[in-house]
Amino acid sequence: MATNRPQPARRLFAELERYLMAVHGEQTTHAIAMALDGLRFAEAFQLLDETAEP
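None of these values were measured; they are calculated from a predicted model. (Residues numbered from 1 in each chain as written. Predicted model: local features only at pLDDT ≥ 70, side-chain atom pairs only at ≥ 80, totals over all residues. Heavy atoms only, no water.)

**Student:** What is the right way to look at the overall build of the chain in this model?
**Tutor:** The helix and strand tally for the chain stands at three helices and zero strands. In the chain, the order of α-helices and β-strands from amino to carboxyl end is α-α-α. The proportion of buried residues among the 54 residues of the chain is 22%. Taking all contacts inside the chain whose residues are at least 6 apart in sequence as the whole, residues at least 24 apart take part in 34%. (Helix = DSSP H or I, 4+ residues; strand = E, 2+ residues; numbered from the N terminus. Buried < 20%, exposed > 50% of the residue type's maximum accessible area, 1.4 Å probe, protein only. Contact = heavy atoms within 4.5 Å.)

**Student:** What should I look at first to understand unusual backbone geometry in this one?
**Tutor:** Glycine aside, the phi torsion of most residues is negative, and most peptide linkages are trans. One non-glycine residue, L39, adopts positive backbone phi at about 60°. Within the element layout of this structure, L39 appears in the loop between α2 (26-37) and α3 (41-51). For L39, a relative accessible area of 55% gives the class exposed.

**Student:** Would you mind showing me how to read the environment of M34 here?
**Tutor:** Of note, M34 is situated in helix α2. A residue is classified by how much of its surface remains accessible, and M34, at 42% relative accessible area, is partly exposed. Through-space distance from the C-alpha of M34 to that of A44 is 8.5 Å; in sequence the pair is ten residues apart.

**Student:** Teacher, can you tell me more about the pattern of salt bridges here?
**Tutor:** Going through the model one piece at a time under the given rule, you end up with two salt bridges. R11 is paired through a salt bridge with E15; the nearest N and O atoms lie 3.6 Å apart. Of the two residues, R11 and E15 both sit in helix α1 (residues 7-24), four residues apart, roughly one turn of that helix. Here E43 makes a salt bridge to R40, at a shortest N to O gap of 2.7 Å. (Salt bridge = Lys/Arg side-chain N within 4 Å of Asp/Glu carboxyl O.)

**Student:** Before we go on, may I ask you to explain the packing of α2 against α3 in this structure?
**Tutor:** Between two packed helices, the angle of one axis relative to the other and the distance separating the axes together describe the packing. It is at 7 Å that the axes of α2 and α3 come closest, and there the two elements cross at 160°. Put simply, α2 runs roughly antiparallel to α3. Both α2 and α3 take part in a crossing whose hand is left-handed. Judged by residue contacts, T28, A31, I32, A35 and L36 of α2 engage F41, E43, A44, L47, L48 and T51 from α3. Its residues assigned to classes, the contact of α2 with α3 shows eight nonpolar, two polar and one charged. (Axes fitted to C-alpha atoms, helices over the stretch in contact; angles between N-to-C directions. Parallel < 35°, antiparallel > 145°, perpendicular 65-115°, else oblique. Left-handed = near helix turned anticlockwise from the far one by under 90°. Nonpolar A, V, L, I, M, F, W, Y, C, P; charged D, E, K, R; others polar.)

Here it is as structure tokens:
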């Protein structure tokens with residue numbers, strides 16, 4: 001995540017990152033991180049929805 005992100009948000013994402021990689025894969029987790037860095041929340045949620053297990 002970008003260094004300009006508020007510290008609490010970076011810490012929370014780091015806590016979730018291992019889980020996200022296990023469930024959604026490394027590529028999707030990286031794409032989610034990039035979307036969040038760009039404040040593209042709808043894109044991040046769409047990535048989660050697309051890779052979620054039914």
